[in-house]
Amino acid sequence: MAGANPFQSLLKEINVNGETFHYFDIASFPEYRELPYSVRVLLESAVRNCDNFQVLEKDVRGILRWKQMKGTPSSEDELEIPFKPARVILQDFTGVPAVVDFAAMRDAVLKLGGDPDRINPICPSDLVIDHSVQVDFARSEDALAKNQDLEFERNRERFTFLKWGAKAFNNMLIIPPGSGIVHQVNLEYLARVVFQDAKDGAVRMLYPDSVVGTDSHTTMINGLGVVGWGVGGIEAEAVMLGQAISMLLPEVIGYKLVGKLSPLVTSTDLVLTITKHLRQIGVVGKFVEFFGPGVSELSIADRATISNMCPEYGATVGYFPVDKNALDYLRQTNRAEEKVRVIEAYLKATDQLRDFGKAEQDPVFTQIVELDLASVVTSVSGPKRPHDRVAVSEMQQDFRQCLISKVGFKGFAVPEAELGAEGTFSWTDGKTYALRHGSVVIAAITSCTNTSNPSVMLGAGLLAKKAVEAGLKVAPYIKTSLSPGSGVVTYYLKESGVIPALEELGFHVVGYGCMTCIGNSGPLDDNVANTIEKNNLVCCGVLSGNRNFEGRIHPNTRANYLASPLLVIAYALAGTVDIDFEKQPIGTRPDGSAVFLRDIWPTRQEIQAVEKQHVIPAMFRDVYEKVELGSPAWQGLNAPTGKLYPWDTASTYIKRPPFFEGMTRELPKLGNIVNARALLNLGDSVTTDHISPAGSIARNSPAARFLSDRGLTPRDFNSYGSRRGNDDIMARGTFANIRLVNKLVPRSGPRTLHIPSGEEMDVFDCAQRYAGEGTPLIALVGKDYGSGSSRDWAAKGPYLLGIRAVIAESYERIHRSNLVGMGIVPLQYLAGENAESLGLTGQEQFSIAIPENCKPHERITVSTDGGKQFEVIARFDTEVDLEYFRNGGILNYMIRKMID
């Protein structure tokens, strides 16, 4: 049971603005000043929440020993610590299943004799509806209204359900659709930096803001000095219910920035450079903390761009401690001055306010790496991974090499005879257009990474303005779009006078949310799609996003490049990525004279002058003072009332999940996995997009057949992401990516082999047959399994297919946690071993002996029906992982805890 806090003596008072506040004086620990600033936040949380039940006194002492345990790269000691974040943030694709789970948990608690009202968020839980809108309409003045109307038409049932959840559960704030991307709304509005809590009329408590979110790019808030990272939806739900996160005390890599950026490069170029650099170093599971005099040269928006792509470079956080620039940003974004004064006073009192120009403030790091900002050049990343950076000066050569290289992350294996392939089609303007390898067919200014950054958004606007003045145009068949991160962006683009030029080039505002980057690019014109398919062309998408995994952006764009908003427009103007901007013009003026990219490219000084004039606090006030009200359509939704949700069994959007069916108060008996079959045998870098796609539902898929059987037409299928509240569809959508490469079948796609019969079939159908035969399933996979977006359905889906264990060479951090959270056993080959080296084909039968008293990282034995035996590591990283597994998953654990 919880007891008194043993650190109560550290509770101090501070007076600000004539008001007294309490805080824990963590700076009084002798070891404190050597701790990285990010670890100081972990320490404060442990001290404040220490109850010798969930958080023990020895946990605090362990964090204080960070220097001894993690202060050098050679340190090998591991320490499990609890962390209780101050809040949780969700977006609707993951928020809907979270609320569905909570509603189902209330039903389960009631059935088991408990009080369903105990299922309530303990900490503030903000849900931003930002993933639903699709780019159905583009390149028109009414595109925004049409897309938003369609969004409501498709998602009315989901939105009504979420509106019920906002009333039924405590501490849950819903930000309605059309407000912006979750991470930008977090940055501009929701983030507190320092909580100033008042409970029951007591003296207000000050403590650092910290957050976990159900999107991997939650790390964007690290740029404002808030420690936060993405977790699986399952883990986030446990945090909402008051459970501490169990984690290993992290190594902290100090990333030192020196020098200044060239006037012609952008923060996007910088983050792509850092992403490639840190991927090469290897920072998976580690904290990265930025320091050095170069940090002061970066705006908060620049820092947020770098922190946003933390998942792409593999770290848990990419943290910038709070400094004067961060406080100024709070004022710029219309945070109350009296609150900013409290934040500053608290951070000074606890030595958490950073001056990057003072080297004496530098803490101890596990390892230090350095980047000279002057070395950064204009860059893109692709064609299939966000960390494959290419200097724009080398882009043409790199793309041509990708065409002829063998199929892989940097190759398409186009036969030499087909390198000159070309297809033509007629357009509505009566002209004939040609597509070739490298032709750009999607150009999207989209995603949280860049649309929150005024410098690159205004830079794109200024480039567009100069392009229009030079008489340049974008080909009409290219699907161009502009999806700002919040209404503030549209506000300053209008005020600065660049919207007309953007629209002239086809970049109309199409919606507010995570759109093209999540796969909501919408359909290409049939003429374009047919020409690509008929001629087997490697056509391209260029987007200002953070993810370009194969099959994610659009089925017809085999190559996708991440770029700054300025370069998105540049490549749209060029119409191809097969261009050398230094030597080849981007277009011609009406008089026939050549226009080069350098002729229309704005400098950072030009951009900053416009930003200083037009990005002002009044904009943030006007946008956010009414953000919680939503549109008239949102206000008009009539949601059910009551604490228990009235499930509609005919619904194809919201369904009570089966995870708690048959659950008892007692722990289930754990058994070995005997004579299992491999449902799939996959290679390296299988992403959560491969496992559980978020995009459109293919017309020939099991999910489509399910919907068609219930009277829906393809127009009403919507996306997998929008249907995450219905397990029937999500199970059918598991491993439904058209680019999935399964070694059990000869061609890529969502197919596998039913081994006993030798019949090839859809993955879902095969799993159903195995279930009917009583056969347990496993999956064999390679390195970095589950990389990409934080996605709980990438664990829930395999669980529903009957997968009980995964054997991988390595795991992405969040996905491993999600597997444990669903009761799936994550196993890892010994170093240097994999399926190929062990001679496994995936057609064997597998038996796995799981010890009843299994320990973290214990070696266990896998046997096959052919007589092979090999050892694997049980990737239960903590004792808490094992407790969740013994309960059948984290949510089952929480239910049993609620009825004790």
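Bear in mind that the values here come from a model prediction, so they are computed numbers and not experimental data.

Our focus in this paragraph is empty space enclosed by the protein. Going through the model one piece at a time under the given rule, you end up with five cavities of 30 Å³ or more. A volume near 70 Å³ is recorded for the second largest cavity. As for the second largest cavity, its lining consists of Tyr37, Val41, Val193, Pro208, Asp209, Gly225, Tyr319, Val322, Leu347 and Gln352. Classifying every residue of the lining of the second largest cavity gives seven nonpolar, two polar and one charged.

The next point concerns the nonpolar core. In terms of nonpolar packing, the biggest core is built from 151 residues, with Leu43, Trp229, Leu679, Phe735, Tyr785 and Val806 touching the most fellow members. Per-element accounting of this core gives the leading share, 10 residues, to helix H4 (residues 92-111). Both domains that meet at this core, namely domain 1 (87-375) and domain 3 (673-899), each give it at least three residues. The contact partners of valine 806, leaving out residues within four places of it in the chain, are Ala779, Val781, Tyr785, Tyr811, Leu819, Ile824, Val825, Pro826 and Leu827. The next biggest cluster of nonpolar side chains, apart from the first, holds 146 residues, and it includes Val288, Cys539, Ile569 and Ile600.

For the protein chain, the assigned domains read domain 1 (87-375), domain 2 (379-581) and domain 3 (673-899). Once you take the C-alpha centre of each, domain 1 and domain 3 turn out to be 29 Å apart. If you look at the interface, domain 1 gives 36 residues, while domain 3 gives 32 residues. Between domain 1 and domain 3, roughly 3,000 Å² of surface is buried when both sides are summed, and carbon and sulfur atoms account for 59% of that area. Counting across the interface, domain 1 meets domain 3 through two salt bridges.

Glancing now at the sheet that holds strand S15 (residues 367-372). Strand order in the open sheet made by the four strands is S14-S13-S12-S15, with parallel pairing throughout. A strand with exactly one partner marks an edge of an open sheet, and here the two such strands are strand S14 (317-319) and S15. Taken pair by pair, the neighbouring strands of this sheet meet at an average axis angle of 20 degrees, ignoring direction. Pairing between strand S12 (residues 252-258) and strand S13 (residues 287-291): five bridges, direction parallel. Following the sheet pairing, valine 252 is matched in S13 by phenylalanine 287. Packed on one face of the sheet, helix H1 (residues 37-48) meets S12, S13 and S14 and runs near 125 degrees to S13.

Residue pairs spaced three or four apart in an α-helix point in one direction, given the helix's 3.6 residues per turn. If you check which residues of helix H13 (residues 395-404) are buried, you get Met395, Gln396, Phe399, Cys402 and Leu403. The arc that holds the buried residues of H13, viewed along the axis, is 125 degrees, so those residues lie on one side. In this structure, the buried side of H13 is in contact with strand S16 (379-381), strand S17 (389-391), strand S22 (540-543), strand S23 (559-562) and helix H19 (565-574).

With eight of eight residues buried, helix H7 (residues 233-240) lies mostly within the body of the structure. When H7 is considered as a whole, its buried residues turn out to be Gly233, Ile234, Glu235, Ala236, Glu237, Ala238, Val239 and Met240. One or two residues past the end of H7 sits glycine 242, with phi positive at roughly 100 degrees.

Scanning the entire structure with this criterion turns up 55 salt bridges. One salt bridge connects aspartate 323 with arginine 303, and the closest N-O pair in it is separated by 2.9 Å. Of this pair, aspartate 323 sits in the loop between S14 and helix H11 (324-332) while arginine 303 sits in helix H9 (residues 300-308), and the two are 20 residues apart along the sequence. Here aspartate 323 matches arginine 303 in class, with each residue buried. Linking arginine 354 and aspartate 362 is a salt bridge whose minimum nitrogen-to-oxygen distance equals 2.4 Å. On the basis of relative accessible area, aspartate 362 is assigned to the partly exposed category, the value being 25%. Ionic contacts of the salt-bridge type, sharing partners, join the residues Arg705, Arg747, Arg751, Glu760, Asp762 and Asp765 into one network.

The rules behind each value
- Residues numbered from 1 in each chain as written.
- Predicted model: local features only at pLDDT ≥ 70, side-chain atom pairs only at ≥ 80, totals over all residues.
- Heavy atoms only, no water.
- 1 Å grid on protein atoms, 1.4 Å probe; cavity = no way out; pocket = protein on both sides within 12 Å on 5 of 7 lines; lining within 4 Å.
- Points joined across faces, edges and corners; volume = space filled by probe spheres on them.
- Nonpolar A, V, L, I, M, F, W, Y, C, P; charged D, E, K, R; others polar.
- Core = buried A, V, L, I, M, F, W, Y, C linked by side-chain atoms within 4.5 Å.
- Buried < 20%, exposed > 50% of the residue type's maximum accessible area, 1.4 Å probe, protein only.
- Helix = DSSP H or I, 4+ residues; strand = E, 2+ residues; numbered from the N terminus.
- Domains from an automatic or database assignment.
- Contact = heavy atoms within 4.5 Å.
- Buried area = accessible area lost by both parts, 1.4 Å probe.
- Salt bridge = Lys/Arg side-chain N within 4 Å of Asp/Glu carboxyl O.
- Pairing = 2+ DSSP bridges.
- Axes fitted to C-alpha atoms, helices over the stretch in contact; angles between N-to-C directions.
- Arc of directions from axis to C-beta.

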